[in-house]
Amino acid sequence: MAERQRSEDGRRETEEYLDKADTPPQQGRDGGQVERKVGTRDLLKRAEQDRPGATRVRKSDEKSES
């Protein structure tokens, strides 16, 4: 593995690229009907399955909102 090059002027360039804002929290069931349905389905899936994977929005979830 290559050695890291240290800055000779002592400047920390990483801080120039990172935001100071906190990351947003997980939404879970917060939001609207679609988020609530998917969040509930995700909780049930994680409780029942050993390796549940990602829970995605279904087309039927989107259609029921209109």
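Everything below is about the structure shown above.
So, here is what we can say about the structure in this document.

Rules used in this analysis
Residues numbered from 1 in each chain as written. Predicted model: local features only at pLDDT ≥ 70, side-chain atom pairs only at ≥ 80, totals over all residues. Heavy atoms only, no water. Helix = DSSP H or I, 4+ residues; strand = E, 2+ residues; numbered from the N terminus. Expected span 1.5 Å × (residues − 1). Buried < 20%, exposed > 50% of the residue type's maximum accessible area, 1.4 Å probe, protein only. Arc of directions from axis to C-beta. Contact = heavy atoms within 4.5 Å.

## Concerning helix α2 (residues 33-48)
So, step 1. With 16 residues, α2 extends 23 Å from end C-alpha to end C-alpha; this agrees with the ideal 22 Å at 1.5 Å per step.
So, step 2. Of the positions making up α2, those classed as buried are Val 34, Val 38, Gly 39, Arg 41, Asp 42 and Lys 45. Projected onto a plane normal to the axis of α2, the buried residues spread over an arc of 165° and lie on a single side. Turned more than 90 degrees from where α2 packs its buried face, Leu 43, Ala 47 and Glu 48 sit exposed.
So, step 3. Check the buried side of α2 and you find it contacts α3 (59-63).

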